[in-house]
Amino acid sequence: MATLTEQINRALADGKLRADATENIRKTVAAAESEFVACVIGELIEANEWEELNDRFYKTLAFGTGGLRGRTIGKVVTKAERGTPNALGRPEFPCLGTNAMNYFNVARATRGLVGYVQKWRTKKAITGRPKIVIVHDTRHFSKEFAQLAAEAAAAHGCDAVVFDGPRSTPELSFAVRYLKADAGVVITASHNPPHDNGYKVYFSDGAQVVEPHASGIIAEVNNEAMISGSSEKSGTGERGQIITVGEEIDRAYMERLETLVLNREVITQARDLKIVYTPIHGTGSIIIKPMLRKLGVNFAVVPEQDQMDGRFPTVKSPNPENAEALKLGVALAQKEKADLVAATDPDCDRLGVAVRTVSGEMKLLSGNQIGSVLAWYRARTFFDLEILNKENAHRGVIIKTFVTSDLQKAIAEKFGLRCIDTLTGFKYNGAKLNKYEEETAVPNYRELPEEETRRLRLQKSSFYIFGSEESYGYSGADFVHDKDGNAAVIMFSEVAAYAKSQGITLDELLDEIFCQFGYFEEKNYSIYFEGADGAEKIRRLLISYDEGPPRQMLDSPVTRIRNFEKETIRDVEGDEIPKEKMLIFELADKTRIAVRGSGTEPKIKYYLFGARLPTNGKLSREELERARTEIDQRLDALWNWLRADAEQRVKGKT
């Protein structure tokens, strides 16, 4: 019988295995400390699962906008991996492969992160042991990965702070800042399918890593690429401690979250407001339920989804962007005659909502619409409270991404505020918040109460009003340097209470904003390309837009192309935008299209933007309805053209 090495060599010669996959398989086998690796690979070879082997090994996971993210349960689960499944039916062992989220990649990433932090501290002449905070969500293997990360960090001379159970991603950001840690890690794949997991890295400011830290960490991780997953002591310095925390961090975080409410009286008076909340089997209920009770909000929780379960058994996908994920929440809202459904994803950094309309139906708002309503309400209320005024308005700032609705820019301009566009990924929002914090020149800034930090920002720096991205991420303060689903539920509850106090529904409030600032509509689409071959198709398609961009889309000429990879682009504050593979096409009919590869999923994303601005100071109701119909039809037609064009480009026929 042929040896495993002979089988691998034959598969390569026969074209069944890719060369890159073969190289990674050989290295993995050589570094293996047990028979497990040979058993899994042998089973897949025996079953002729060549596509599975290529997908698992054609590359090594790399940091993107969401850090490491990949399958932790294979499309094909071998007998060795299945082992003795747990009570939820989860395999005993995670998916083997260099391109998978497993013990190997978690240990590799942690060693690389600790190595970078230690070098950074040496460069900054910081003494003592480094400290890393580690949080995990409710996904398959999240707890085990967090435990391994803590052991690996401690073994290499770093203190690891871990929570006594699952916690949300934004609480990790808060904890890094609150505990003055050097870095943080969240084990999560956010709203991805149940078979995925991930490893998100944060630096000392509480934000996801940006340059130069990102490249530095990646370099360290790559140096660890084929070292085994053992967490044995490295022999360099003393072992770090593993410290468990819990309610004390929760309480401190909740105290800050309470400051997000700008007008407590609005909530107090909205006694007949009722909200339905669902954590979709994730971490959101840990903070959101006690916060809503503390604020006196009348709410009900979807009971079937208030159980932490990595299978996410009641939904096809635990993504609050999708109507299907809110189905049970909407059903409960109809039964309870609630005004609002609020849903957060498993790691509670995103919020999706459904609102009751004038006709009594429950209607989903888009991420752009949720963000725009919040931006408008918070800007307006800060002026109403006289925290902002004409003299200091120039200090006020709203931050959004280039692919987020320009309605927020129109709102900012009307109030005399700055609106800053960033690349996709809340780490760029976090980088701005870090800059503003440093501009206050106050060493103990993070220890100060919210009222004092607001005063400092208004006096010395920039006053952060709101930040959002179209993919359902929102932020209302700088005590968290990431998008925050806990904060978003609180902020949107206040907006819902405000609408109730005005005797209007939330969709009527949105229409009033459209009439005042102009009608803005956005549509987002994606084309998926799975596996090793899919990655190559994504690469070729992006190159085709770069080298052979369309000169006309549908019936409108392309008047401008912004290439974020090749051009030097600066934001309104003069800061240079980092290079990224993204193109924005502007058409003669004022429509915009952005094209970029996803940083977290195997797909290309398309963002379509249309707008109708008031010509006489304000859109009438008739003009609003006409604009809604015309722009909706225009964007649909444009997408049909883009999809057909993309198919031709993938085939190389453009």
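Above this text is the structure in question.
Position numbers for residues start from 1 in each chain and track the written sequence from start to end. Selection of residues for local features in this predicted model requires a pLDDT of at least 70, selection of side-chain atom pairs for listing and counting requires 80 or more, and totals for whole chains, interfaces and linings are taken over all residues. To obtain the side-chain values, all non-hydrogen atoms of the structure were used and water was disregarded.

## Considerations on the pairing of strand E8 (residues 298–301)
Here's step 1: DSSP calls a pair of strands paired once it identifies at least 2 bridges connecting them. Secondary structure elements follow DSSP: runs of H or I of four or more residues count as helices, runs of E of two or more count as strands, with numbering from the N terminus. Pairing of strand E7 (residues 274–278) with E8, which is carried by four bridges, proceeds in the parallel orientation. Residue Ile 275 lies in a different strand from E8, and its bridge partner there is Phe 299.

## Brief notes about the pairing of strand E10 (residues 351–356)
Here's step 1: Along E10, six of the six residues are buried, which leaves the element largely enclosed by surrounding structure.
Here's step 2: In this scheme, a residue with accessible area under 20% of its type's maximum is buried, one over 50% is exposed, and one in between is partly exposed, where area comes from a 1.4 Å probe on protein chains only. Residues Leu 351, Val 353 and Val 355 point to one face of E10 and Gly 352, Ala 354 and Arg 356 to the other, with burial holding for every one of them.
Here's step 3: Counting the residues between successive antiparallel strands, the hairpin from strand E9 (residues 340–344) to E10 contains six residues, one of them, Cys 348, with a positive phi of roughly 55 degrees.
Here's step 4: Where E10 and strand E11 (residues 362–364) come together, three bridges link them in antiparallel fashion. Paired with Ala 354 across the two strands is Leu 364, which belongs to E11.
Here's step 5: Between E10 and the antiparallel strand that follows it, E11, lie five residues; Gly 360 among them carries a positive phi value of about 95 degrees.

## Topic: helix H1 (residues 4–13)
Here's step 1: Within H1, the full set of buried residues consists of Leu 4, Gln 7, Ile 8 and Ala 11. Relative to the axis of H1, the buried residues are bounded by an arc of 100 degrees and lie together on one face. In H1, those exposed residues whose orientation departs by more than 90 degrees from the buried face are Thr 5 and Ala 13.
Here's step 2: Buried residues belonging to H1 abut helix H2 (19–31), helix H3 (36–46) and helix H4 (50–57). Along the arc lie the directions from the helix axis toward the C-beta atoms. We call two residues in contact whenever any of their non-hydrogen atoms come within 4.5 Å of each other.

## Quick word on the sheet that holds strand E13 (residues 418–422)
Here's step 1: Taken in spatial order, the four strands of this open sheet run E13-E12-E14-E15, and their pairing is mixed. Across the chains shown, the open sheet's two edge strands, defined by having one partner strand only, are E13 and strand E15 (473–475). For this sheet, the mean inter-axis angle between neighbouring strands, taken without regard to orientation, is 15 degrees.
Here's step 2: In this sheet, strand E14 (residues 463–469) lies alongside strand E12 (residues 396–401) in parallel orientation, the contact comprising five bridges. Directly across from Lys 400, in E14, lies its bridge partner Ser 468.
Here's step 3: Structural elements are reduced to axes, namely lines fitted to C-alpha atoms, with helices fitted over the stretch in contact, and the angle between N-to-C directions of any two is expressed from 0 to 180 degrees. Relative to the sheet, helix H14 (residues 367–384) contacts E12, E14 and E15, its axis offset from that of E14 by approximately 170 degrees.

## Notes on the sheet that holds E7
Here's step 1: Taken in spatial order, the five strands make up an open sheet running E8-E7-E9-E10-E11, and their pairing is mixed. What marks the edges here is a single partner per strand, and that holds for E8 and E11. Between one strand axis and the next, the sheet turns by 25 degrees as a mean value, whatever way the strands run.
Here's step 2: Inspection of the sheet shows E9 paired to E10 by five bridges, in the antiparallel sense. Note that in E10 the partner of Val 341 across the bridge is Ala 354.

## As for the packing of H14 against helix H15 (residues 407–415)
Here's step 1: Interhelical geometry of H14 versus H15 gives an angle of 10 degrees and a closest axis separation of 9 Å. Taken together, the axis directions place H14 and H15 in an arrangement best described as roughly parallel. The residues of H15 that touch H14, namely those facing Asn 368, Gly 371, Ser 372, Ala 375, Trp 376, Ala 379, Arg 380 and Phe 383, are Leu 407, Gln 408, Ile 411 and Phe 415.
Here's step 2: Amino acid classes used here: Ala, Val, Leu, Ile, Met, Phe, Trp, Tyr, Cys and Pro are nonpolar; Asp, Glu, Lys and Arg are charged; the rest, including Gly, are polar. Here the contact of H14 with H15 is built from residues that sort into seven nonpolar, four polar and one charged. Here roughly perpendicular refers to angles of 65 to 115 degrees, roughly parallel to angles under 35, roughly antiparallel to angles over 145, and oblique to all remaining angles.

Everything listed here is a matter of coordinates, which is why it stays silent on function.
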